[in-house]
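Residue-level structure breakdown
Below, each chain spelled out in residue letters.
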Amino acid sequence: MNEADRESVEAAFEPLLQLEMEMTTFLSDWHHCDQLSTFIGRIVSHNRTDPVRHSNVFSSVLNELLEVSFRGGSPDGQIDCAVYRHGAVERVRLTFPCPPHQRQFVGEAVSKTRRADALARHLDSISTDLASNRDAVFLDLAINFDARIRLENSAPPSITLVVDLPLQGIVN
Amino acid sequence: MSTGSFSKPFSAAFDINSQEFSLTGVIRPRSVDEIAVNISMLKGAIDQVRGVLYINVKRLIQMNNTAFHAFVRVFLDACRARPDLRFVIVTSSVVGWTTRMFSHLNKIEPQITIEVYDSKFYPGQSFVEDASFIPILRTQTKMTWRHERTILPRHGMRPGIAMADICCGIGDFAVLVQKEFQPLRIVALDHSRASLAYARDVATGFGITDIEYTYGDASEMLLEDSQFDFVSCRHSLQIFNRPDVLLAELYRICKPGGRVYVTNEKNSHCLGEPRSQSIQWTYNEVAKLFSHFEMDVELGPKSRRYFADAGFEDIVVESIMVSNLDGDPQDFADVIAAWENVYAGEMAVKRGDSPEFIQRFRQGFQDHIFAALHPKGYAGWPIWVASGRKPR
Ligand SMILES: C[S@@+](CC[C@H](N)C(=O)[O-])C[C@H]1O[C@@H](n2cnc3c(N)ncnc32)[C@H](O)[C@@H]1O
């Protein structure tokens, strides 16, 4: 996609909600992942066809993403979570600070979700103990929730995950 | 945010008699250590069972990857160690992602299979979820609404509340309530996709966009505890083989101090003049026919006891008689014709009744229609309305 195309697609996504939090606050309690994903899920789903079930599915995905940032994030700076919508798709853009090696791990894990062998890798990650937790999470989102995941360029030490979720298909 | 305020608690249980291990609620541990007790319970269960172990995840609302992998590890190890053992994972069509997530296991170990429990989960299901029910529901609601709109305020209905209509059918009650009482929020739940699709169309037709129609199983709802000021469930306790289970769910989602409102019939009390005897015979048979399919359409007057047993207070019960004099008698006649179609045309046939029986059975409905349309006739359909307050 060239720059102009990308911009027009980006413009089509309408912002629904944005939430910022100090990383230190976020990292102070594991339950923030669950609470934020449930809370945000409800807000963004209220005008979807089946709000109760849409928010359940949305929360599943967002919780995993927040858990990734909880486990891999560093306590300086802010976590920023924004949700957009375009037609049947919700887009989550999650930015959080993390050490350079985490950046690399996440980058590799994300790229595995886009390869043709993603399903085989997913089965592999289920049946063996060896696969890293991060690989398993992103593969799960891609295979079970049809998530399209990419990393966006952002200034170190931050990392930005962009996840497109066509959840209407799973809900209905 | 207080911890736990959003989530349902998580629990695991094992029942040796049914060889069933069940996981319910929200399971999002930070590490496997947090669920170590549950993992060892599962391992203990595997050691005790023979043949099949059922893994019930019907009410699993959330499960993170950490928990998923931890439990799956145990299943897969057990498959290798115990080739004699099979696992049946019982999921729900309501929480679609669990079916997706667990179905991969079958590709890894054929000993593990997946069953979606709610395709056929109680005896009367196929009749009441069928699209052929739609015309009946619509006219029924039109007739009962004349009475209910004045009754509802006595049972706690008022503007500005959060309400849920469980087993909403085609959602027309929710639309009428929305227009008449302006609640702040309405969630309307049913397990018939055909009815929900119809419901969304009806609401759109009325320009109503803020009713949250949701697909769900009323006896295992995703809705959280203590959320609604008013929970209605109309004509539906009577079609469940376990009305007490459904009522407990209605109680659970009701706020303390809020009210649960139900309507039910006592079919054998449908009546008409002239031809009262034939009419009465048929409706007595309707009650028996439903009980054959484990539905109690005689429940109406029993609702007081159900409410008391479920722990409600300030229980209010009243009855209404919907009749051919309420509005257009043809509406009444249409409803009876629809009953005849489903009860005599489908249910009696399914039960294996003889043509002679079915003919006599149909005659009572025809006579009821005759009474409804007769210039001096009277035809009645009694309904019991009950509500109770959840203690604070
Ligand atoms: C007799 S109808 C009543 C519908 C509506 N309340 C009315 O009065 O018009 C019963 C409804 O219960 C629904 N139903 C049956 N089993 C259900 C379940 N387990 N969970 C949710 N809804 C269910 C059926 O799909 C049907 O729409």
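Residues numbered from 1 in each chain as written. Chains lettered and ligands numbered in written order. Predicted model: local features only at pLDDT ≥ 70, side-chain atom pairs only at ≥ 80, totals over all residues. Heavy atoms only, no water.

**A word on the overall build of chain B**
Stated precisely, the cut-off is as follows: Here a helix means four or more residues in a row that DSSP labels H or I, a strand means two or more in a row labelled E, and each is numbered from the N terminus. We compute the radius of gyration over the C-alpha atoms and compare it with the globule rule, which gives 2.2 Å times the number of residues raised to the power 0.38. To sort residues, take the accessible area from a 1.4 Å probe on protein chains only and compare it with the maximum for the residue type: under 20% means buried, over 50% means exposed, and anything in between is partly exposed. Here, residues are in contact when the closest pair of their heavy atoms is within 4.5 Å. Per-residue accessibility takes into account occlusion by the displayed protein chains alone, with areas from the Shrake-Rupley method and a 1.4 Å probe. For this count, His and the chain ends are skipped, Lys and Arg are scored as positive, and Asp and Glu as negative. Here the site of a charge means NZ on Lys, CZ on Arg, CG on Asp, or CD on Glu.
Each helix and strand in chain B was counted, giving twelve helices and 14 strands. For chain B, whose C-alpha radius of gyration is 24 Å, the value lies close to the compact-globule estimate of 21 Å for 392 residues. With the C-alpha coordinates of chain B rotated into their principal frame, the extents come out at 75 × 55 × 40 Å. In chain B, buried positions account for 58% of the 392 residues. Considering only intrachain contacts with a sequence separation of at least 6, the fraction spanning at least 24 residues in chain B is 80%. A total of about 15,700 Å² of accessible surface is found on chain B, and carbon and sulfur atoms cover 51% of it. Between the mean site of the 43 positive side-chain charges and the mean site of the 46 negative ones, chain B shows a separation of 3 Å.

**Focus on the overall build of chain A**
Scanning chain A for helices and strands turns up eight helices and five strands. Taking the principal axes of the C-alpha coordinates as reference, chain A spans close to 40 × 40 × 40 Å. Relative to its 172 residues, chain A shows a buried fraction of 56%. Looking at chain A alone, contacts between residues at least 24 apart form 69% of all its contacts between residues at least 6 apart. Counting only carbon and sulfur atoms, one obtains 53% of the accessible surface of chain A, whose full area is about 7,200 Å². Of note, chain A has its 16 positive side-chain charges centred 4 Å away from the centre of its 24 negative side-chain charges.

**As for the pairing of strand β2 (residues 78-86) of chain A**
When a strand is regular, its side chains alternate between the sheet's two faces. Residue and element names in this part refer to chain A. Test applied: Pairing between two strands requires that DSSP report at least two bridges joining them.
Of all nine residues in β2, seven are buried, a share of seventy percent or more. Direction of pairing for strand β1 (residues 14-22) relative to β2: antiparallel, over a ladder of eight bridges. Looking at β2, one finds that Glu 22 is bridged to Gln 78. Note: β2 against strand β3 (residues 89-97), seven bridges, orientation antiparallel. Bridge pairing in β3 links Tyr 84 to Arg 91. Remark: two residues form the turn of the hairpin made by β2 and β3, two consecutive strands paired antiparallel; Gly 87 in that turn has positive phi of roughly 60 degrees.

**A word on the UniProt feature "domain: Methyltransferase" (unreviewed entry) in chain B**
The criterion, for reference: UniProt positions are given in the numbering used here, feature names are shortened, and annotations may be inferred rather than shown by experiment.
In the numbering used here, UniProt assigns the feature "domain: Methyltransferase" (unreviewed entry) to residues 165-258 of chain B. Helix makes up 36% of residues 165-258 of chain B and strand makes up 27%, while its end C-alpha atoms are separated by 14 Å.

**Overview of the pattern of salt bridges**
For side chains of opposite charge, pairing can occur when their charged atoms come near one another. All names here are of chain A. Rule in force here: We define a salt bridge as a side-chain nitrogen of Lys or Arg found within 4 Å of a carboxyl oxygen belonging to Asp or Glu.
Taken as a whole, this structure holds 37 salt bridges over all chains when the rule is applied. Two residues, Glu 90 and Arg 48, come together in a salt bridge whose shortest N-O distance is 3.1 Å. With Glu 90 in strand β3 and Arg 48 in the loop between α3 (31-45) and α4 (51-72), this residue pair connects regions lying 42 residues apart in the sequence. The class of Glu 90 is buried, set by a relative accessible area of 0%.

**Description of empty space enclosed by the protein**
Rules: Only protein atoms enter the 1 Å grid used here. Points where a 1.4 Å probe fits but cannot escape make up a cavity, open sets with protein on both sides within 12 Å along at least five of seven lines make up a pocket, and a residue lines them when an atom lies within 4 Å of a point. Grid points are joined across faces, edges and corners, and a volume is the space filled by probe spheres set on the points. Polarity classes work like this: nonpolar for Ala, Val, Leu, Ile, Met, Phe, Trp, Tyr, Cys and Pro, charged for Asp, Glu, Lys and Arg, and polar for all others, with Gly in that last group.
All chains considered together, the criterion is met by eight cavities of 30 Å³ or more. In this structure, the second largest cavity spans a volume of roughly 60 Å³. Mapped by element, the contributors of at least two residues to the lining of the second largest cavity are α4 and α7 (133-144) of chain A together with β4 (60-63) of chain B. A breakdown of the residues in the lining of the second largest cavity according to their chemical character gives four nonpolar, four polar and three charged.

**Comments concerning the nonpolar core**
All names here are of chain B. We count it as follows: The criterion is simple. A nonpolar core is a set of buried Ala, Val, Leu, Ile, Met, Phe, Trp, Tyr and Cys residues joined through side-chain atoms within 4.5 Å. Note that domain bounds follow an automatic or database assignment of domains.
Counting residues in each nonpolar core, the largest one holds 168 residues, and the members touching the most others are Phe 75 and Ile 166. Here the element with the most residues in this core is helix α11 (residues 329-351); it accounts for eleven residues. Viewed by domain, this core spans two of them, domain 1 (10-120) and domain 2 (125-389), each represented by three or more residues. Once residues lying within four places of it in the same chain are set aside, the contact partners of Ile 166 are Leu 189, Ala 218, Met 221, Leu 223, Val 231, Ser 232, Cys 233, Arg 234, Leu 250 and Ile 253.

**Some words on unusual backbone geometry**
Cis peptide bonds are those with omega within 30 degrees of zero, and the linkage from Pro156(A) to Pro157(A) qualifies with 10 degrees. Topologically, Pro157(A) is positioned in the loop between β4 (148-152) and β5 (158-165). Look at the link from Glu273(B) to Pro274(B): it is a cis peptide, with omega at 0 degrees. Positive phi is not limited to glycine here, since Cys167(B) has a value of about 60 degrees. You can see Cys167(B) is positioned in the loop between β7 (162-166) and α6 (172-181). A positive phi angle, near 50 degrees, is found at Ser226(B), a position not held by glycine. Inspection of the secondary structure puts Ser226(B) in the loop between β9 (211-215) and β10 (228-234). On the accessibility criterion, Ser226(B) (33% relative accessible area) is partly exposed.

**A look at the domain arrangement of chain B**
Residues and elements named next belong to chain B. Put simply, the rule is: Buried area counts how much accessible surface, traced with a 1.4 Å probe, disappears from two parts once they are put together, with both parts' losses summed. Counting of polar contacts relies on pairs of N or O atoms within 3.5 Å, with two restrictions inside protein: one atom must be capable of donating a hydrogen and the other of accepting it, and residues adjacent in sequence are counted only when both atoms are side-chain atoms.
If you check the domain split of chain B, you get domain 1 (10-120) and domain 2 (125-389). Measuring from the centre of the C-alpha atoms in domain 1 to the corresponding centre in domain 2 gives 37 Å. With eight residues of domain 1 at the interface, the matching set in domain 2 holds eleven residues. Roughly 820 Å² of surface becomes buried between domain 1 and domain 2 when both sides are summed, with 51% attributable to carbon and sulfur atoms. Scanning the region where domain 1 abuts domain 2 turns up three salt bridges. Measuring nitrogen to oxygen at the nearest pair gives 3.2 Å for the salt bridge that ties Arg 59 to Glu 220. In this assembly, domain 1 and domain 2 are joined by four residue pairs in polar contact (both at pLDDT 80 or more).

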